[in-house]
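# Reading the structure
Residues per chain are reported as follows:
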Amino acid sequence: KLGVKPGMTLMLLGTPGELPSEPDKKTVFAEDLPSDALLASSSTEQRSLQVASQYRGILNLGNTCYLNSALQCLSQVPEVAIQLSTAASAAATGSASVSPAENNLTLSMHQIMRMLKTPVRDQSSSETAVSPLSVLNSLRTINPQFAERNREGFYAQQDAEECWSTILQTLSRTLRTTATASSESGNSANEDTNAVDALFRLDLSVEDRCTESDEVVKSEAEASRLLKAAITNKVSHLDEGVRAWLHAGIERHSEKLGRSAQWERTTSIARLPPYLVVNFVRFLWKPAESVKAKILRPVSFPIDLLDLYEHCTPELKEALAAPRDQLRAKLDAAAEAAAAAATAAISSDEAGAPMEVDAANGAPPSSTRDRVIRPEDVTGMYELDAVLTHQGRYADAGHYIAWVRVGGDDWVKLDDDKVSPCTSEDIKKLSGGGDW
């Protein structure tokens, strides 16, 4: 078969001696490894890409980035998905005592939230992104403002904050809850009547003091689902912006003086929600140009901790004392455990011991966050979990992007249907200035 003939010279290639024996440990190739073990041994770039693959983008249907970014941020609240699942059953049977448009929004919100939490493997696939058409149609039916068109005849860009507020206002009528708030969060037993208020509502106590007389006027508690941060030429940090909004000068009528006078308005927080939404007041109306322009001043914000304790009423401060002590004890214990682990790792390395890789720790955190925040968990201290940014100079133009935290320093940038990994360092650059 080989065509060997007598007298031919043959060259043999190889190593003289016995043939090598089969290795004791078989070689395992990367494609044969389970996903968690592969992640544990992969590079940082590969791990980041795997983190991003847990998220789905949302298709832009024509200036709908405002809706897409709001939906991505709302999907970070697991309680919303839980409540939507319950409310969707009532909406599907028509037993909910709300309008058909509100029923449709509830159903479509339930569907899109469930789809957003379904991990994907191939971000380049055209089937990865989710269509918001059903939510968009329901939103435009409820509020025709979102169906406005620009001069070219296309659907106009809208304000993401107005979209967020409209969605929450609608869901506050469809997501009913029988859960009662704990007194530790500053609430009475049956205070909350819907899931949205239970998750996002602040109660604000307002006191006006006249600077030209000794008059003091206290208003009834005001409810809000946003904590606003003013931006002035003296504000460079989020805490300064919050303080400027809560302590402002106003002009109002004085009964004692019989005329308008200058007053100092002090607003204190009487109730803190499990999820705090902070709104940078960056847009202002310019009458001369008839446009809603943007304040471009950079304002930094904390990523790990925002503490609102100093802005609370005395009653709420007292209620927060015990939860805050418990949280400090947990943080101290975690810090001690981390320090002990680091010391043990250094000692092990110096001794020449082999380094072991924990596959569970090497895997990225899951995007399906199922940890529900209880009322007794409210301490007045908040960790940043999502950011919604606007790129551009005017409110009726530009582009909105959502940035959500996966865990630790791992973040994901959700630019409509484009999903990409990023880190806390990238988030810090979103403080404003320029077009951001």
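This text goes with the structure placed above it.
Structural notes, computed from the coordinates. This is a predicted model, so every value here is computed, not measured.

Reading guide: rules and limits
Numbers given to residues run from 1 along each chain, matching the order in which its sequence is written. Side-chain atom pairs in this predicted model are given and counted only at pLDDT of 80 or more, local residue features only at pLDDT of at least 70, and totals for whole chains, interfaces and linings cover all residues. Hydrogens and water molecules were not included; the side-chain quantities draw on all heavy atoms of the structure. The way it works is that DSSP assigns letters per residue, a run of H or I at least four long becomes a helix, a run of E at least two long becomes a strand, and they are numbered from the N terminus. With a 1.4 Å probe rolled over the protein chains alone, any residue whose accessible area is under 20% of its type maximum counts as buried; one over 50% counts as exposed, and the rest are partly exposed. Residue contacts are counted whenever heavy atoms from the two residues lie within 4.5 Å of one another. Using a 1.4 Å probe, the Shrake-Rupley method yields the accessible areas, and only the shown protein chains count as cover for residues. Note that the arc is defined by the directions from the helix axis to the C-beta atoms. Note on terminology: a nonpolar core comprises buried Ala, Val, Leu, Ile, Met, Phe, Trp, Tyr and Cys residues joined through side-chain atoms within 4.5 Å. N or O atoms within 3.5 Å of each other form a polar contact, as long as, within protein, one can give a hydrogen and the other can take it, and as long as residues adjacent in sequence are counted only when both atoms are side-chain atoms. Two strands pair under a simple rule: DSSP has to find at least two bridges between them. Note on method: axes are straight lines fitted to C-alpha atoms, helices fitted across the in-contact stretch only, with angles between N-to-C directions ranging 0 to 180 degrees. Buried and open spaces are told apart on a 1 Å grid over the protein atoms alone, a cavity being a set of points where a 1.4 Å probe fits but cannot get out and a pocket being an open set with protein on both sides within 12 Å along at least five of seven lines. Residues with an atom within 4 Å of a point are the lining residues. Grid points are joined across faces, edges and corners, and a volume is the space filled by probe spheres set on the points. Put simply, Ala, Val, Leu, Ile, Met, Phe, Trp, Tyr, Cys and Pro go in the nonpolar bin, Asp, Glu, Lys and Arg in the charged bin, and everything else, Gly too, in the polar bin. Patch criteria: residues need more than 30% relative accessible area and no salt bridge. Like-charged residues are merged within 9 Å; nonpolar side chains of Val, Leu, Ile, Met, Phe, Trp and Tyr are merged within 5 Å. Put simply, a salt bridge is a Lys or Arg side-chain nitrogen that is within 4 Å of an Asp or Glu carboxyl oxygen.

## Details of the overall build of the chain
- Looking only at helices and strands, the chain features 12 helices and 15 strands.
- Here the chain holds 436 residues, and the buried ones make up 39% of them.
- Sequence separation of at least 24 residues holds for 68% of the intrachain contacts in the chain that already meet a minimum separation of 6.
- Accessible area of the chain: about 24700 Å², with a carbon and sulfur share of 52%.

## Some details on the environment of Ser 219
- With respect to the helices and strands, the residue Ser 219 is situated in the loop between strand 2 (216-218) and strand 3 (222-224).
- The exposure class of Ser 219 is partly exposed, given its relative accessible area of 30%.
- Sequence spacing of Ser 219 and Glu 207 is 12 residues, and the spatial spacing of their C-alpha atoms is 6.2 Å.

## As for helix 9 (residues 238-246)
- The set of residues buried in helix 9 consists of Leu 238, Asp 239, Gly 241, Val 242 and Leu 246. Along the axis of helix 9, the buried residues cluster in a sector spanning 160°; they form a single face.
- Residues of helix 9 that are buried make contact with strand 4 (227-229), strand 5 (247-254), strand 6 (259-271), strand 7 (278-280) and strand 10 (306-307).

## Quick look at the nonpolar core
- Residues Leu 67, Leu 71, Leu 74, Met 109, Ile 167 and Phe 200 are the most contacted members of the largest nonpolar core, which totals 47 residues.
- Among the elements that take part in this core, helix 3 (residues 65-74) stands out by supplying seven residues, more than any other.
- Non-local contacts of Ile 167, meaning those with residues more than four positions away in its chain, are made with Leu 67, Leu 71, Leu 74, Met 109 and Leu 139.
- Counting 27 residues, the second-largest nonpolar core is a separate cluster that includes Leu 204, Leu 272, Trp 411 and Ile 427.

## Section: the environment of Asp 307
- With respect to the helices and strands, Asp 307 occurs in strand 10.
- For Asp 307, a relative accessible area of 28% gives the class partly exposed.
- Sequence separation between Asp 307 and Asp 239 is 68 residues, and the spatial gap between their C-alpha atoms is 8.7 Å.
- Residue contacts for Asp 307: discarding those within four places in its chain leaves Asp 239, Arg 324, Gly 380 and Met 381.
- Within the local environment of Asp 307, its side chain forms a polar contact with the backbone nitrogen of Tyr 309, the two atoms lying 3.1 Å apart.
- Among the polar contacts made by the side chain of Asp 307, one reaches the side chain of Arg 324 at a distance of 2.8 Å.

## Some remarks on the sheet that holds strand 15 (residues 418-423)
- Spatially, 12-13-14-15 is the arrangement adopted by the four strands of the open sheet, whose pairing is antiparallel. In this open sheet, the two strands that pair with only one neighbour each are strand 12 (386-391) and strand 15. Ignoring strand direction, the axes of neighbouring strands in this sheet form an average angle of 25°.
- Pairing geometry for strand 14 (residues 410-415) and strand 15, over six bridges, is antiparallel. In the strand pairing of strand 15, Asp 410 is matched with Thr 423.
- The sheet strands contacting helix 3 are strand 12, strand 13 (399-407) and strand 14, and the helix crosses strand 13 at an angle near 15°.

## What about empty space enclosed by the protein?
- Taken as a whole, this structure holds one cavity of 30 Å³ or more when the rule is applied.
- A volume near 40 Å³ is recorded for the largest cavity.
- In terms of lining residues, the largest cavity is bounded by Glu 79, Val 80, Gln 83, Leu 168, Leu 171, Leu 175, Ala 195, Val 196, Leu 199 and Phe 200.
- Among the secondary structure elements, those contributing two or more residues to the lining of the largest cavity are helix 4 (78-93), helix 7 (160-174) and helix 8 (195-200).
- Sort the elements by how many residues they give to the lining of the largest cavity and helix 8 lands first, with four residues.
- Along the lines of polarity and charge, the residues of the lining of the largest cavity split into eight nonpolar, one polar and one charged.

## Regarding a nonpolar patch on the surface
- Nonpolar side chains collect at one region of the surface, where Leu 2, Val 4, Met 8 and Leu 10 lie side by side and expose about 470 Å² of accessible area between them.
- Positionally, Val 4 belongs in the segment before helix 1 (35-41).

## Side note on the pairing of strand 6
- For strand 1 (residues 202-210) and strand 6, the ladder comprises eight bridges, and the chain directions are antiparallel. Counted as the bridge partner of Asp 203 is Arg 271 from strand 6.
- Here eight bridges tie strand 5 to strand 6, and the two strands are oriented antiparallel to one another. Each residue of the ladder has a partner; that of Ser 254, found in strand 6, is Arg 259.
- Between the antiparallel neighbours strand 5 and strand 6 lie four residues, among them Gly 258 with a positive phi of about 70°.

## Quick notes on unusual backbone geometry
- The residue Asn 63 is not glycine, and still its phi comes out positive at about 55°.
- Mapping Asn 63 onto the fold places it in the loop between helix 2 (44-52) and helix 3.
- You will see that Asp 416, though not glycine, has its phi angle at about 55°, which is positive.
- Relative to the helices and strands, Asp 416 is located in the loop between strand 14 and strand 15.

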